[in-house]
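# Geometric and topological summary
Chain by chain, the residues:
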Amino acid sequence: MTVVINWEAFFQVLGAALVGTLLVVGFYALGLRLLVRAGRVPVVTPAEFTDAITVISEKEARRAAKAAAKAARKSPLTDGQKVLAQIAAYACFAVCAAAVVAGILLIVVK
């Protein structure tokens, strides 16, 4: 019994995985950057976990929220530019979601 590898299909899958990864990660990073420039810094509140995971204290969470509010106030953009940056950020997140849904559909449909 011999094993035959279809190298063309292998490289097609490799290329699709690399392009998909770059697309999702790149647009997500760009979306976060635009969201911060728009003055909407995402601050995640700490959750309660087991002691195996380090959780920030309430004081550190307040400090992070204060720093985010200060960064939002210091934004050099005009109000129109902030709105445009926020819309572009949401568009980047939509591209990420579309890429993920397209990947899932490729798996499920074929």
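Please refer to the structure higher up on the page.
In this report, we go over the structure that sits alongside the text. Chains are numbered independently. Their residues run from 1 in the order of the written sequence. Where totals are concerned, whole chains, interfaces and linings use all residues; where local detail is concerned, this predicted model gives features only for residues with pLDDT of at least 70, and gives and counts side-chain atom pairs only at 80 or more. With hydrogens and water set aside, each side-chain value is computed from the structure's full complement of heavy atoms.

### Description of the overall build of the chain
The following threshold applies: Secondary structure elements are defined from DSSP: runs of H or I of at least 4 residues count as helices, runs of E of at least 2 residues count as strands, and each element is numbered from the N terminus. Here's how the labels work: a residue is buried when its accessible area is under 20% of the maximum for its type, exposed when over 50%, partly exposed in between, all with a 1.4 Å probe on protein chains only. When checking whether two residues touch, look at their non-hydrogen atoms; a contact exists if any pair is within 4.5 Å.
When helices and strands are counted, the chain shows three helices and zero strands. Going from the N terminus to the C terminus, the chain shows its helices and strands as α-α-α. The proportion of buried residues among the 110 residues of the chain is 13%. In the chain, the share of contacts with a sequence separation of at least 24, taken over all contacts with a separation of at least 6, comes to 72%.

### Side note on helix H1 (residues 7-37)
Selection criterion: One fewer than the residue count of a helix, multiplied by 1.5 Å, yields its expected span.
Given a rise of 1.5 Å per residue, 31 residues ought to cover 45 Å, and the 44 Å separating the end C-alpha atoms of H1 matches this to within 8%. Just downstream of H1, Gly39 is the residue with a positive phi angle, here 90°.

### Quick word on the packing of H1 against helix H3 (residues 79-109)
Worth spelling out the cut-off: Helix axes use the C-alpha atoms of the stretch in contact, all axes being lines fitted to C-alpha atoms, and the angles between their N-to-C directions lie in the range 0 to 180 degrees. Here is the rule for angles: anything less than 35 degrees is roughly parallel, anything more than 145 is roughly antiparallel, 65 through 115 is roughly perpendicular, and the remaining ranges are oblique. Handedness of a helix crossing follows the sense of rotation of the near helix relative to the far helix, less than a right angle counterclockwise being left-handed and clockwise being right-handed. When residue character is reported, Ala, Val, Leu, Ile, Met, Phe, Trp, Tyr, Cys and Pro are called nonpolar, Asp, Glu, Lys and Arg charged, and the others, Gly included, polar.
Direction vectors running N to C along H1 and H3 enclose 160°, while the axes themselves pass 8 Å from each other. In terms of their interaxial angle, H1 and H3 are classed as roughly antiparallel. Considering how the two elements wind past one another, H1 and H3 form a crossing that is left-handed. Along the contact surface, H1 presents Leu23, Val24, Phe27, Tyr28, Leu30, Gly31, Leu32, Leu34, Leu35 and Arg37, while H3 presents Lys82, Ala85, Gln86, Ala88, Ala89, Tyr90, Cys92, Phe93, Val95, Cys96, Ala99 and Val100. Across the contact of H1 with H3, the residue classes break down as 18 nonpolar, two polar and two charged.

### What to know about H3
Look at H3: 44 Å from first C-alpha to last across 31 residues, which is about the 45 Å you get at 1.5 Å a residue. Listing the buried residues of H3 in full gives Lys82, Ala85, Gln86, Ala89, Cys92, Cys96 and Ala99.

### Observations regarding the packing of aromatic side chains
For the record, the criterion: Geometry of aromatic contacts follows a simple scheme: Phe, Tyr and Trp rings, the Trp one being its six-membered ring, pair when their centres are within 6.5 Å, and the pair is stacked under 30 degrees between planes, edge-to-face over 60, tilted otherwise.
Per the counting criterion, the structure on display carries four aromatic pairs. Ring centres of Trp7 and Phe10 lie 5.6 Å apart, and the angle between their planes is 80°; on these two criteria the pair is classed as edge-to-face. Remark: Phe10 and Trp7 occur in helix H1; sequence separation between them is three residues, near one turn of the helix. With relative accessibility at 45%, the residue Phe10 sits in the partly exposed group. Here the aromatic rings of Phe10 and Phe11 are separated by 5.3 Å at their centres, their planes lie at 75°, and the arrangement is edge-to-face.

### Describing a positive patch on the surface
This is how it is decided: For patch building, the residue pool is restricted to those with more than 30% relative accessible area and no salt bridge; the joining distance is 9 Å between like charges and 5 Å between nonpolar side chains (Val, Leu, Ile, Met, Phe, Trp, Tyr). Note on areas: these come from Shrake-Rupley sampling with a 1.4 Å probe, and a residue is covered only by the protein chains present in the view. Any carboxyl oxygen of Asp or Glu that lies within 4 Å of a side-chain nitrogen of Lys or Arg is treated as forming a salt bridge with it. By the counting rule applied here, Lys and Arg register as positive and Asp and Glu as negative, while His and the ends of each chain are not counted. By convention, charge coordinates are those of NZ in Lys, CZ in Arg, CG in Asp, or CD in Glu.
Residues Lys66, Lys70, Arg73 and Lys74 make up a contiguous surface patch of positive charge. Locating Arg73 in the fold gives a position in helix H2 (residues 58-73). Taking relative accessible area as the criterion, Arg73 reaches 63% and is therefore assigned exposed.

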